[in-house]
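Okay, here's what each chain looks like letter by letter:
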Amino acid sequence: MQSSQILAAIDCARDLISSFQLAPGPVDVIALARKQGVSAVEPAEMSADGYLARTRDGALVIRYRATNNRSRNRFTIAHEIAHLIFAQVQGQELDQPRIGRLSDPQEETAVNRIAAELLMPAKFILNELGERERRGELPNWKIINALRQTYQVSASAMAFRMLELPSLRAISMRISIDGHAPQFPFDRSENSAIRLVNGVEFEMERLWRDARKSTRHIVGVKAGGTTFSIPCEGLVKSMTTKLGPARHYWVIGWLTDGRNEAAAGKPNQSLVGK
Ligand SMILES: [Zn+2]
């Protein structure tokens, strides 16, 4: 598996969704699966989230866990469609009885990234963010929650999507309050060279301390020799991780095409100095 194949599959998913989804709103994942040649999408009793299989008569079927919630099942169905897209890009035959059963974690990560492209179309989300910015709204969790409702995905999925949108410069910091700490507490826009001016640990301590006064934050970052500041908002979130329950103070923010930079103000000295 090469990163060029992942990029090609992401492009392929973006093209597919732009011809399939013509207006903002939840993507009809079942119709999308049919368009990709899947003959049935059905709930089943299983311990896994779902799988893609070929029946004895050769038909492609997606099955998903009946007891999972709706937004999770939507993600599962998109994930299985993404397996199909990825396999096509790699020129693989899809004749195994159960495709993706033995797939490795790296492939699963790639497939989730492709699925996000299908479920949360970049074009519509960027339009919405631009519109809200013109109305004077700074990045906040209310926007993430409105978008997650529009596209019927989880809030976490939508928050991470901010890091994947082209033309957005976004950061995410998850500060562990109790329970299990996140594996990667700091994330930034993919393929970007964004760094925190003050380093991750310093910023996390500062943000959590400042959160007593306000959950609105300004975070100084560096990219390509330029220093700028990203307006962010933090929110305490309870979540279930693979290792168990956890609470994080999750700070997220972004710059669209630089216009909300002015609204956020310049990074102050205490932030940039040192
Ligand atoms: Zn998979």
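Structure report, in brief. Owing to the predicted nature of the structure, the values given are computational and were not obtained by experimental measurement.

**A few points about the pairing of strand β2 (residues 50-54)**
- Within β2, four of the five residues are buried, which leaves the element mostly enclosed by the surrounding structure.
- One ladder, built from five bridges, connects β2 with strand β3 (residues 60-65); its direction is antiparallel. When the bridges of β3 are listed, Ala53 appears paired with Val61.
- Connecting β2 to the next strand, β3, in antiparallel fashion are five residues, including Gly58 with a positive phi near 95°.

**Digging into the environment of Asn69**
- Looking at the element boundaries, Asn69 is found in the loop between β3 and α3 (70-89).
- Classification of Asn69 as partly exposed rests on a relative accessible area of 48%.

**A word on the coordination of the zinc ion**
- All of the protein donors around the zinc ion are His79 (NE2), His83 (NE2), Glu108 (OE) and Glu108 (OE); their distances to the metal are 2.0 to 2.5 Å.
- Because the angles between the four donor atoms bound to the zinc ion fall within 54 to 131°, the donor set is best described as irregular.
- Coordination of the zinc ion draws on donor residues from a single chain, spaced H-x3-H-x24-E in sequence. In this pair, His83 sits in helix α3 while Glu108 sits in helix α4 (residues 105-119), placing the two residues 25 residues apart along the sequence.
- Take His83: its relative accessible area is 4%, and that puts it in the buried class.

**A word on α4**
- Over its 15 residues, α4 extends 21 Å from the first C-alpha to the last, a length consistent with the 21 Å expected when each residue adds 1.5 Å.
- Listing the buried residues of α4 in full gives Glu107, Ala110, Val111, Arg113, Ile114, Ala115, Ala116, Glu117, Leu118 and Leu119.
- Of the surrounding secondary structure, the elements contacted by the buried residues of α4 are α1 (3-20), α2 (29-35), α3, α5 (122-134), α6 (141-151) and α7 (155-161).

**Quick word on the pattern of salt bridges**
- The full count for this structure, using the stated rule, is 15 salt bridges.
- Across the pair Arg135 and Glu137 runs a salt bridge, and its minimum N-O distance is 3.7 Å.
- Judged by relative accessible area, Arg135 falls into the exposed class, the value being 55%.
- It is possible to trace a salt-bridge network through shared partners that takes in Arg14, Arg113, Glu117, Arg161, Glu164 and Glu190.

**Some remarks on the sheet that holds strand β10 (residues 244-255)**
- Taken in spatial order, the six strands of this open sheet run β6-β5-β10-β9-β8-β7, and their pairing is antiparallel. Each end of this open sheet is capped by a strand with a single partner; those strands are β6 (186-188) and β7 (195-196).
- Taken together, the three bridges between strand β5 (residues 169-179) and β6 define a ladder with antiparallel strand orientation. Following the sheet pairing, Ile171 is matched in β6 by Arg188.

**Things to note about the environment of His79**
- The residue His79 is located in helix α3 in this model.
- Once residues lying within four places of it in the same chain are set aside, the contact partners of His79 are Glu108, Val111, Asn112 and Ala115.
- Polar side-chain contacts of His79 include one of 2.9 Å to the side chain of Glu108.

**Brief notes about the pairing of β5**
- Sheet topology places β5 next to β10; ten bridges connect them, and they run antiparallel. When the sheet's bridge partners are listed, Arg169 is paired in β10 with Leu255.
- Here β5 hands over to β6 after six residues, the two strands then running antiparallel side by side.

**So, the nonpolar core**
- Ranked by internal contacts, the top residues of the largest apolar core, which has 53 residues, are Met120, Ile125, Leu129, Met158, Met162 and Trp254.
- Taken domain by domain, the makeup of this core includes at least three residues from each of domain 1 (3-119) and domain 2 (123-272).
- The residues touching Met120, leaving out its near neighbours within four places in the chain, are Phe75, Ile125, Tyr151, Val153, Ala157, Met158 and Arg161.
- Grouped together as the second largest cluster of nonpolar side chains are 17 residues, Phe186, Leu196, Phe228 and Tyr249 included.

**Thoughts on the packing of α3 against α4**
- At a minimum axis separation of 8 Å, α3 and α4 run at an interaxial angle of 110°. When the axes of α3 and α4 are compared, the pair comes out roughly perpendicular. You can see that α3 and α4 cross each other, and the crossing is right-handed. Residues Arg74, Phe75, Ala78, His79, Ile81, Ala82, His83, Ile85 and Phe86 of α3 form the contact with α4, whose participating residues are Glu107, Glu108, Ala110, Val111, Asn112, Ile114, Ala115, Leu118 and Leu119.

Calculation notes
Residues numbered from 1 in each chain as written. Predicted model: local features only at pLDDT ≥ 70, side-chain atom pairs only at ≥ 80, totals over all residues. Heavy atoms only, no water. Buried < 20%, exposed > 50% of the residue type's maximum accessible area, 1.4 Å probe, protein only. Helix = DSSP H or I, 4+ residues; strand = E, 2+ residues; numbered from the N terminus. Pairing = 2+ DSSP bridges. Donors = N, O, S within 2.8 Å, 3.2 Å for Na, K, Ca; no water. Tetrahedral: all angles 85-135°; square planar, octahedral: opposite > 155°, others 65-115°. Expected span 1.5 Å × (residues − 1). Contact = heavy atoms within 4.5 Å. Salt bridge = Lys/Arg side-chain N within 4 Å of Asp/Glu carboxyl O. Polar contact = N/O pair within 3.5 Å; in protein donor to acceptor, adjacent residues only side chain to side chain. Core = buried A, V, L, I, M, F, W, Y, C linked by side-chain atoms within 4.5 Å. Domains from an automatic or database assignment. Axes fitted to C-alpha atoms, helices over the stretch in contact; angles between N-to-C directions. Parallel < 35°, antiparallel > 145°, perpendicular 65-115°, else oblique. Left-handed = near helix turned anticlockwise from the far one by under 90°.

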